Amino acid sequence: MIETDGIVTAVEGNRAWVEAGRRSSCGHCDASTSCGGSLFAELFGNRAVRVEVENIHNAKIGDRVIIGLPERMMISGSLRLYLLPLLGLFFGAVAGEYFSCHFAVESTEPWAILGGLLGLTATLFILHRVLSTNSRERFQVVIVRRTSVEVAVEPPVIAHEKE
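One numbering rule holds for all chains: residues counted from 1, following each sequence as written. Owing to the predicted nature of the model, reporting of local features is limited to residues with pLDDT of at least 70; listing and counting of side-chain atom pairs is limited to 80 or more, with chain, interface and lining totals taken over all residues. Side-chain metrics in this entry use all non-hydrogen atoms of the structure; hydrogen atoms and water are not considered.

Draft legend 1. Quick look at the overall build of the protein chain. Under the DSSP-based scheme used, a helix requires at least four consecutive residues in state H or I and a strand at least two consecutive residues in state E, with every element numbered from the N terminus. On a plain count of helices and strands, the protein chain comes out with three helices and five strands. Start at the N end of the protein chain and walk to the C end: the helices and strands fall as β-β-α-β-β-α-α-β. Sorting the 163 residues of the protein chain into buried and exposed places 23% on the buried side. With a 1.4 Å probe rolled over the protein chains alone, any residue whose accessible area is under 20% of its type maximum counts as buried; one over 50% counts as exposed, and the rest are partly exposed.

Structural data, given as structure tokens:
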């Protein structure tokens, strides 16, 4: 299980919102000054991420908790979000090349590019439909355990309260 610590910032029924800080591994290796990862860490900072989890441990606002995601879900999600679009791009380009040769088109490269873009777009559309309908619960972050109770937490600011 991939775990990180966080603080419960809101509770709604059996759901809780946990705020966890982003961590960068920059500074822990010899290449940290010349690495592209350290550049992104500086650009985007270490802002906190807020996730919704099922509150099976009855955590209250201000509780410190450990949240986790099973490794197999991380690997499965990575394969879906990286490998499948790449395959769609590749097979779309191959199909575009094949059909342009089949119809005796003089220049096949624009058709391969168009086929690749169509394959990528179709794959992303299908992934969006599949992941938004039936995979939400499978890729759910869970509260593994509570580590301590009641840390002072500012109440969350709701967008319409700012106006």
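Draft legend 2. Examining helix H2 (residues 71-102) more closely. To estimate how far a helix should extend, the number of its residues minus one is multiplied by 1.5 Å. Given a rise of 1.5 Å per residue, 32 residues ought to cover 46 Å, and the 45 Å separating the end C-alpha atoms of H2 matches this to within 8%. Bend at a residue means the angle formed by two fitted axes: the first through the 7 residues ending at that position, the second through the 7 residues beginning there. Of all the bends found along H2, the most pronounced is centred on Arg80 and spans about 30°. What H2 keeps buried is the set Met73, Gly77, Pro85, Gly88, Gly92, Gly96 and Ser100. Just beyond H2, the residue with positive phi is Ala104, at close to 55°.

Draft legend 3. Structural context of the pattern of salt bridges. By definition here, a salt bridge exists when the distance from a side-chain nitrogen of Lys or Arg to a carboxyl oxygen of Asp or Glu is within 4 Å. Per the counting criterion, the structure on display carries three salt bridges. Among the ionic pairs, Asp63 bridges to Arg146, the shortest N-O distance being 3.0 Å. Within this pair, whereas Asp63 is found in the loop between strand E3 (48-54) and strand E4 (64-69), its partner Arg146 is found in strand E5 (residues 142-148), the two being separated by 83 residues in sequence. What makes Asp63 buried here is its relative accessible area of 0%. Accessibility expressed as a relative area gives 39% for Arg146, which makes it partly exposed.

Draft legend 4. Structural context of the packing of aromatic side chains. Stacked, tilted and edge-to-face are the three classes assigned to paired rings of Phe, Tyr and Trp, where Trp is represented by its six-membered ring and a pair needs centres within 6.5 Å; plane angles under 30 degrees give stacked, over 60 edge-to-face, the rest tilted. Within the structure shown, the criterion is met by two aromatic pairs. Geometrically, the ring pair formed by Phe90 and Phe91 is edge-to-face, given 5.2 Å between the ring centres and 70° between the ring planes. The partly exposed category is assigned to Phe90, whose relative accessible area is 48%. Centre to centre, the rings of Tyr98 and Phe99 are 5.3 Å apart; their planes meet at 70°, and the pair counts as edge-to-face. According to the relative accessible area criterion, Tyr98 is exposed, its value standing at 51%.

Draft legend 5. Focus on a nonpolar patch on the surface. Think of a patch as exposed residues, more than 30% relative accessible area, with no salt bridge, where like charges cluster within 9 Å and nonpolar side chains (Val, Leu, Ile, Met, Phe, Trp, Tyr) cluster within 5 Å. Values of accessible area rely on a 1.4 Å probe in the Shrake-Rupley scheme; residue burial ignores everything except the protein chains shown. On the surface, Ile75, Leu79, Leu83, Leu84, Leu86, Leu87, Leu89, Phe90, Phe91 and Val94 cluster together to form a nonpolar patch covering roughly 900 Å² of accessible area. Taking relative accessible area as the criterion, Leu89 reaches 32% and is therefore assigned partly exposed.

Draft legend 6. Representation of the environment of Val142 in the model. With respect to the secondary-structure elements, Val142 resides in strand E5. The class for Val142 is partly exposed, based on a relative accessible area of 31%. Sequence-wise, Val142 and Glu3 are 139 residues apart; in three dimensions their C-alpha atoms are separated by 9.5 Å. For this analysis, residues touch if any pair of their heavy atoms sits within 4.5 Å. Aside from chain neighbours lying at most four places away, what touches Val142 is Met1, Val53, Ile66, Ile67 and Gly68.

Draft legend 7. Looking closely at unusual backbone geometry. Of note, Asn58 is a non-glycine position whose phi angle comes to about 50°, a positive value. Among the structural elements, Asn58 can be located in the loop between E3 and E4.

Draft legend 8. Just the side chain of Ser100, in detail. Relative to the elements of secondary structure, Ser100 occurs in helix H2. A distance of 2.8 Å separates the side chain of Ser100 from the backbone oxygen of Glu97, its partner in a polar contact. Residues in contact with Ser100, not counting those within four places in the same chain, are Val105, Thr108 and Trp111. In the analysis that follows, any N or O atom pair within 3.5 Å is treated as a polar contact, provided that within protein one partner can donate a hydrogen and the other can accept it, and provided that, for residues neighboring in sequence, both atoms belong to side chains.

All quantities given are derived from atomic positions and should not be read as evidence of function.
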